[in-house]
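Secondary and tertiary structure notes
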Amino acid sequence: MDMNGILILVHILCMAGVFGGLLASLAAGAGASGDAAATGRAAMRPLNILLIVGFLAGMGLYVQQTSGGEAKASLHAIVGIKMLILVAVGAFMGIAGAAFKKENVPRGRLLQVVAAALCVVAAALGVSI
């Protein structure tokens, strides 16, 4: 497997892990009555690490695809939009972790839902490349 294939695999696995982790955190928080804040907060750190690794793998893939010559303008636009979306996902996950730390469970869960929805949008853009 070449470097391009490895980067694609790492990126897809990390992003699927972030999305699945957000969904699992939402499901676990729904069942937990008193410790929903602790459950949500504990889930945010590994998800942020996965997001960073997936983001870096995606950026490496982008650099590798554009370094050999001219790339289509649509590739630059889509990757730029995906970068902004993934930065927003990271911000929402960080704010959700802070909300869980302050025991504000409804706000944290709402931010997790928004982050999961943005992951779906970023995945849809990635499929269009």
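Before going into details, it helps to say that this report is about the structure given with it. (Residues numbered from 1 in each chain as written. Predicted model: local features only at pLDDT ≥ 70, side-chain atom pairs only at ≥ 80, totals over all residues. Heavy atoms only, no water.)

1. Some details on the nonpolar core
For clarity, the threshold we go by: By nonpolar core is meant a set of buried Ala, Val, Leu, Ile, Met, Phe, Trp, Tyr and Cys residues that side-chain atoms within 4.5 Å join together. A simple rule labels every residue: compare its accessible area, found with a 1.4 Å probe on the protein chains alone, to the largest value its type can have, and call it buried under 20%, exposed over 50%, or partly exposed in between. By the criteria applied, helices consist of DSSP H or I runs no shorter than four residues and strands consist of E runs no shorter than two, each listed in order from the N terminus. Contacts are assigned to residue pairs that have any heavy atoms within 4.5 Å of one another.
Ranked by internal contacts, the top residues of the largest apolar core, which has 22 residues, are Val18, Leu22, Met44, Leu51, Val89 and Met93. Breaking this core down by element, the ones donating at least two residues are α1 (3–31), α2 (36–66), α3 (73–101) and α4 (105–127). Discounting residues that sit within four places of it in the chain, methionine 44 has contacts with Leu22, Ser25, Met93, Ala96, Gly97 and Gln112.

2. Considerations on unusual backbone geometry
One non-glycine residue, glutamate 103, adopts positive backbone phi at about 65°. As for its placement among the helices and strands, glutamate 103 is situated in the loop between α3 and α4. Of the residues examined, glutamate 103 reaches a relative accessible area of 58% and is grouped as exposed.

3. Describing the layout of surface pockets
Let me state the cut-off plainly: Definitions used throughout: a 1 Å grid over protein atoms alone; a cavity as a set of points that fits a 1.4 Å probe which cannot get out; a pocket as an open set with protein on both sides within 12 Å along at least five of seven lines; a lining residue as one with an atom within 4 Å of a point. Grid points are joined across faces, edges and corners, and a volume is the space filled by probe spheres set on the points. The residue classification treats Ala, Val, Leu, Ile, Met, Phe, Trp, Tyr, Cys and Pro as nonpolar and Asp, Glu, Lys and Arg as charged. All others, Gly included, are polar.
Roughly 580 Å³ of internal volume is contained in the largest pocket. Lining the largest pocket are 24 residues, and of these His11, Ile12, Lys82, Ala122 and Gly126 sit closest to its centre. The set of elements that each furnish at least two residues to the lining of the largest pocket consists of α1, α2, α3 and α4. Residues of the lining of the largest pocket, tallied by class, amount to 19 nonpolar, 4 polar and 1 charged.

4. Describing the environment of lysine 102
Examined against the element boundaries, lysine 102 turns out to sit in the loop between α3 and α4. As a C-alpha pair, lysine 102 and arginine 41 span 61 residues in sequence and 9.9 Å in three-dimensional space.

5. Details of the side chain of histidine 11
Its place among the elements puts histidine 11 in helix α1. By relative accessible area, which is 13% here, histidine 11 ends up buried. For histidine 11, the contacting residues outside a window of four places in its chain are Gly54, Ala57, Gly58 and Lys82.

Just distances and angles here, no functional claims.
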